[in-house]
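Okay, here's what each chain looks like letter by letter:
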Amino acid sequence: MKITNPQLLLVEDDISLGQTISELLQVNGYDVKWCKNGLEAFQLLENNLPDIIICDLMMPIMTGEELFLKIRNFRRYDQIPFIIITADLTFENKIRQLENGVNDFINKPFKIQELVLKIKNFLNYKANVVKQSQNPISKIQIKSRKNDFFDKINDIIIKNIKSDITIERLAKEVFVSKSTLDKKIRKFKQVNVSTYIREIRLNYAISLIEAGEGNVDALANESGFNSTSYFSICFKNYTSLSPKKYIKQKIQGK
């Protein structure tokens, strides 16, 4: 079996320092991907999950703090230790980063041995956690993370139910590319993004009917459809009943 080296993501805008750190970490047996700013790192994370992120605090385009707060919106990245590198470790700054939830700090200037030991300790800790999680419950945890992603998408759609929700807007809201969003929805929901959004709208309309709404025009408007006729067509395709027949059936069933 091929043994792979631990994967590290280094985010450092200083070219000289970044090259030095990258080379020294590679000498110590780590595979290193090096990004020059937080935005570049976030885009790389879509298809590459490192074992640890080592990130400078002050950078252009997206700071280390902004990157940390953004990735912690996703359960997918929750288990990745995040080490901040900074020359500005004032008490106030340190407290703010700790309140944010960063795992550790390296204060510039530093010796590479300090960073290597901190990385080693985090990797050992992660290895122990993985061993303890190798049981049937882990499958439930994976499913839970997938559900968290769709719960977030559903919440965004519902909060903007009467707006024009495009795939571009939805992808931006959940910090993924359009292609990644489309692939996830096709994989787990077996429909494209437009169909998924439409089905959320239709389910919302059904919930309004369950709550007592019986006006078809109001249902179309409240669930974000531009026309009652199009809403009626979509509703019938989805439920096999027209909105009026569905409402009548609900009333008779009471």
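Residues numbered from 1 in each chain as written. Predicted model: local features only at pLDDT ≥ 70, side-chain atom pairs only at ≥ 80, totals over all residues. Heavy atoms only, no water.

K.L.:
Residue-level account of helix 3 (residues 64-71), with values.
P.N.:
Burial of helix 3 is extensive: six of the eight residues sit out of reach of the surface. Taken residue by residue, helix 3 has Gly-64, Glu-65, Leu-67, Phe-68, Lys-70 and Ile-71 as its buried positions. Elements that come into contact with the buried residues of helix 3 comprise strand 1 (7-11), helix 2 (38-45), strand 3 (52-56), strand 4 (82-86) and helix 4 (91-100). (Buried < 20%, exposed > 50% of the residue type's maximum accessible area, 1.4 Å probe, protein only. Helix = DSSP H or I, 4+ residues; strand = E, 2+ residues; numbered from the N terminus. Contact = heavy atoms within 4.5 Å.)

K.L.:
Which residues make up a nonpolar patch on the surface, and what values go with them?
P.N.:
Together, Phe-91, Ile-95 and Leu-98 make up an exposed nonpolar region whose accessible area comes to about 300 Å². Assignment of secondary structure puts Phe-91 in helix 4. For Phe-91, a relative accessible area of 62% translates into the label exposed. (Patch = residues over 30% accessible without salt bridge, like charges linked within 9 Å, V, L, I, M, F, W, Y side chains within 5 Å. Areas by Shrake-Rupley, 256 points an atom, 1.4 Å probe, with all protein chains shown as cover. Salt bridge = Lys/Arg side-chain N within 4 Å of Asp/Glu carboxyl O.)

K.L.:
An account of the nonpolar core is requested, with residue identities and associated values reported.
P.N.:
Core analysis: the largest hydrophobic core is formed by 39 residues, its most contacted members being Ile-53, Leu-67, Phe-82, Ile-153, Ile-157, Leu-170 and Leu-181. Among the elements that take part in this core, helix 6 (residues 137-159) stands out by supplying five residues, more than any other. Other than its neighbours up to four places away in sequence, Ile-53 contacts Leu-9, Val-11, Leu-45, Ile-71, Ile-80, Pro-81, Phe-82 and Ile-83. The next biggest cluster of nonpolar side chains, apart from the first, holds 18 residues, and it includes Ile-106, Phe-110, Leu-115 and Ile-119. (Core = buried A, V, L, I, M, F, W, Y, C linked by side-chain atoms within 4.5 Å.)

K.L.:
Requested: an account of the pairing of strand 4, with residues and values cited.
P.N.:
Of all five residues that make up strand 4, five are buried, and the element is covered over most of its length. Neither face of strand 4 is open: one carries Phe-82, Ile-84 and Thr-86, the other Ile-83 and Ile-85, and all of them are buried. Where strand 3 lies against strand 4, four bridges are found, and the strand directions are parallel. Its bridge partner lying in strand 4, Asp-56 is registered against Ile-85. Crossover connection from strand 3 via helix 3 to parallel strand 4: handedness right-handed. Sheet topology places strand 4 next to strand 5 (residues 104-107); four bridges connect them, and they run parallel. (Pairing = 2+ DSSP bridges. Right-handed = clockwise from strand over helix to strand, strands pointing away.)

K.L.:
How would you summarise the packing of aromatic side chains if you had to cite specific residues and measurements?
P.N.:
Following the criterion strictly, the structure yields nine aromatic pairs and no others. With a centroid separation of 6.1 Å and an interplanar angle of 90°, the aromatic rings of Phe-42 and Phe-175 are classed as edge-to-face. Note that Phe-42 is positioned in helix 2 and Phe-175 in the loop between helix 7 (167-173) and helix 8 (178-189), a separation of 133 residues in sequence. Looking at Phe-42, the relative accessible area reads 6%, which means it is buried. (Phe/Tyr/Trp six-rings, centres within 6.5 Å; stacked < 30°, edge-to-face > 60°.)

Treat this as a map of the structure, not an account of what it does.
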